[in-house]
Amino acid sequence: METHSVPMSALTPLMEEILTSGGTVELTVTGRSMKPMLHDGVSRVRLTAPQKLRRGDLPLYRRTDGSYVLHRITAVDADGVTCCGDAQWMLERGIPPENILAVTEAFDRGDGRWTSVDSVRYGAYWRVWLTLRPLRHLAVGGTRRIKRLLRGAEGAGA
């Protein structure tokens, strides 16, 4: 199967038409903000029209600068939706519900097996991952420090 890279802005009208008529849309994930669950250029998501937004959902939304993002909902309140990428720890608050184009109903991590977001295993994953969100920066910072130390040790040993 041949693949093509098309800007999201060009796909949006067609996606909205498909989703409004009750269909689903499959997209390949780009970017690293949803690691370790989704991988750049490899993982795919199956999107459906948004219904009632809930904590743990993976919506595709448009930021005010026009960029498109697929991140996890950490909270829904009167001010809108709060999201955060799995590889991030900073919250993006106040996303208006009307900026949400679609919500993930299933994902494929690149092995051809689709996982429903309603599965028990996935539900456990996102709950643990959101609980650990405040600690992610420590893990990322620690990993960077270790890599720097290792590079320094390689240079010293050469």
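Located above this text is the structure these notes cover.
Residues numbered from 1 in each chain as written. Predicted model: local features only at pLDDT ≥ 70, side-chain atom pairs only at ≥ 80, totals over all residues. Heavy atoms only, no water.

S.K.: I tried to follow the environment of glutamine 88 on my own but got confused; where do I start?
M.R.: Tracing the backbone shows glutamine 88 in the loop between strand 6 (80-84) and strand 7 (92-95). For glutamine 88, a relative accessible area of 31% translates into the label partly exposed. Along the chain, glutamine 88 and arginine 32 lie 56 residues apart, while their C-alpha atoms are 9.6 Å from each other. Those residues in contact with glutamine 88, other than ones at most four positions away along the chain, are Ser33, His71, Arg133 and Arg136. (Helix = DSSP H or I, 4+ residues; strand = E, 2+ residues; numbered from the N terminus. Buried < 20%, exposed > 50% of the residue type's maximum accessible area, 1.4 Å probe, protein only. Contact = heavy atoms within 4.5 Å.)

S.K.: Honestly, the pairing of strand 5 (residues 72-77) in this entry has me stumped. Any pointers?
M.R.: Regular strands have side chains that alternate between both faces of the sheet. Where strand 5 lies against strand 6, five bridges are found, and the strand directions are antiparallel. Residue pairing in the sheet places valine 76 in a bridge with valine 81 of strand 6. Between strand 5 and strand 6, which pair antiparallel one after the other, the connecting turn spans two residues. (Pairing = 2+ DSSP bridges.)

S.K.: Looking at this model, I keep getting lost on the packing of aromatic side chains. Mind explaining?
M.R.: Geometry of an aromatic ring pair is reported as the spacing of the ring centres plus the angle between the planes. Tallying each qualifying case throughout the model produces three aromatic pairs. Among the aromatic residues, those joined into a cluster by ring pairs are Phe107, Tyr122, Tyr125 and Trp129. The positively charged end of arginine 46 is found above the aromatic ring belonging to tryptophan 114, 4.0 Å away from the centroid. (Phe/Tyr/Trp six-rings, centres within 6.5 Å; stacked < 30°, edge-to-face > 60°. Lys NZ or Arg CZ within 6 Å of the ring centre and 35° of its normal.)

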